[in-house]
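In case you want the letters, here they are:
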Amino acid sequence: MRIPIGSVTPASGTAEVVGWVHEVRDLGGLAFFLIRDRTGIIQVTIPKKKASEAVLAAAKAVSRESVVRVAGAVKAIDKAPGGRELVPELFEILNMCESPLPLDVVEKVPADLDTRLDARFLDARRPRVTAVFQIRSAAMHAINTFFFNRGFININTPKIVAAATEGGTELFPIAYFDKEAFLNQSPQLYKQMMMAAGFEKVYEIGPIFRAEEHNTTKHLNEATSIDIEVSFIDHHGVMHILEDLIVHTYQHVHDNCSYQLANLGCTDFAVPKAPFPRLLYSDAIAIAQKKIEEPIKYGDDIGSAAERVIGAEMGGHYFIVDWPTEIRPYYAMPYEHDPSICKAFDLMHPRMELASGAERVHQHDLLVQQIRKKGLNPESFEFYLRPFRFGMPPHAGWGLGAERLIMTMLGLSNVREAVLFPRDMHRLVP
RNA sequence: GCCCAGGUAGUGUAGUGGCCUAUCAUGAUUGCCUGUCACGCAAUCGACUCGGAUUCGAAUUCCGACCUGGGCGCCA
């Protein structure tokens, strides 16, 4: 019976493991093989005088990164990684690996991201890359559990749509029989429609597509969005949910992924504390005006340079709240006392924006008015506007970028590190 | 879309007109080595993105193409 390498201990007695040949060190009369699976690495030691002919033949023939099955006695050895080693009675090559390798799995020599992504299957064998995706999986599990425990209904909305949701961002056109269609940039309109359906609390984790020709370390043309929409709640309510979710997710990773965090060198993994500070948009602008050279004024978007200096000032996660209505989408609810600002917010990590959300406009006529103000045609949104005439409850929601969450959580330098097969301007394969 | 910087063995690099039959590391092949853990030692193998131009001479200068990284705008 095969057991995971991470579970092999000096107390195991005998063990059978399967995995990849990570490294070979042949000292002459004694040879060391490091065998790796997704749970860890074990040293296999072959004393050549004592080993069987079959074991010697296989050990001589095998190449690095070949798949092998090894079985034998487990011995406690202080000098070996994990304090144990395997002395094989069986050393079977399940599949040979070609040579040379497209990149160095052991990482004695680094590889460019481009080279790594071209051979992602091999790149992902590297323990630190495996760790990123194991942590991403754990984080997603925590997020699903969080919503399930709070009574959210998990929904799936179409990714093939007829029109833009908000205007502005570029869409990917696709051929849809004899009609014009696009890949969806956001589940925004659909999750709002489910408020009219009385679902009250919905969430969706799914792909979003943006055809922007951006060339940065924090943008993808295909990203994963974690979206919620909740009825009978205001923007403060959904901000509470968001900060609780962030803390819960960090805590889950902290409690369940110590091996992976160690592989990544995250020795000081800190769980953020809620509540996160609420910074008024107007105060954020004031900070930026003091600290950066390029001119920025009330009513401007907060650019990368401003984002960085404000982030440095805040030191941790924070919200920017009460944005000018003019620079937010039409579905953000303006304040009654001052319609020039609205109940919209962004969740920020010191490095970048993670999420944005708002209390939504739920009154049909106000919504039409706001759509017009943005220079958009309400008629092309009829499928969306219709529910607002048939009992749409007050509601609020947000969308959180999954890759950015993982990127900032683990201190990754490029968002592509948080995606198995990233899609950007230049990359469509693999 | 705009602005920078690049493209040299499988991988990562050095090389700014002749000293390049191209540096170093890693890797692969072969040999030696019984406690390695970036094992060590020796030998061998393996590269200037493509096309054009300048020049006695181009990896190096110029033009074009293709490809890549980064910054900005915009956003998640």
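**Some details on unusual backbone geometry**
A negative phi angle is the norm for most residues apart from glycine, just as the trans form is the norm for most peptide bonds.
Reasoning step 1: With an omega of 0°, the peptide bond running from Ser-99 to Pro-100 counts as cis.
Reasoning step 2: Within the secondary structure, Pro-100 is located in the loop between strand S5 (84–95) and helix H2 (113–118).
Reasoning step 3: The step from Val-429 to Pro-430 runs through a cis peptide bond, and the omega angle for that step is 0°.
Reasoning step 4: When you line up the elements, Pro-430 lands in the segment after helix H12 (402–410).
Reasoning step 5: Not every positive phi belongs to a glycine, and Phe-177 is a case in point at roughly 50°.
Reasoning step 6: Within the secondary structure, Phe-177 sits in the loop between strand S8 (173–176) and strand S9 (179–183).
Reasoning step 7: Overall, Phe-177 belongs to the exposed group, its relative accessible area being 74%.

**A short note on the protein's contact with RNA strand B**
Reasoning step 1: Within the structure, RNA strand B sits among 51 residues, and Arg-25, Asp-26, Lys-79, Arg-210 and Glu-213 are positioned closest to it.
Reasoning step 2: Backbone sugar and phosphate groups make up 54% of those atoms of RNA strand B lying within 4 Å of the protein.
Reasoning step 3: Measuring from a sugar or linking oxygen of RNA strand B, one finds a backbone N or O atom of Pro-102 at 3.5 Å.
Reasoning step 4: Take the surface near RNA strand B: its biggest share by element is four residues, from strand S15 (residues 352–359).
Reasoning step 5: Looking at the surface near RNA strand B residue by residue, the class counts come to 16 nonpolar, 15 polar and 20 charged.

**Here we look at the side chain of Arg-120**
Reasoning step 1: For Arg-120, the location among the structural elements is in helix H3 (residues 120–123).
Reasoning step 2: Here Leu-420 takes part through its backbone oxygen, which lies 2.8 Å from a polar atom of the side chain of Arg-120.
Reasoning step 3: The contact partners of Arg-120, leaving out residues within four places of it in the chain, are Val-129, Phe-133, Arg-416, Glu-417, Val-419, Leu-420 and Phe-421.

Rules used in this analysis
Residues numbered from 1 in each chain as written. Chains lettered and ligands numbered in written order. Predicted model: local features only at pLDDT ≥ 70, side-chain atom pairs only at ≥ 80, totals over all residues. Heavy atoms only, no water. Helix = DSSP H or I, 4+ residues; strand = E, 2+ residues; numbered from the N terminus. Buried < 20%, exposed > 50% of the residue type's maximum accessible area, 1.4 Å probe, protein only. Near = heavy atom within 4 Å. Polar contact = N/O pair within 3.5 Å; in protein donor to acceptor, adjacent residues only side chain to side chain. Nonpolar A, V, L, I, M, F, W, Y, C, P; charged D, E, K, R; others polar. Contact = heavy atoms within 4.5 Å.

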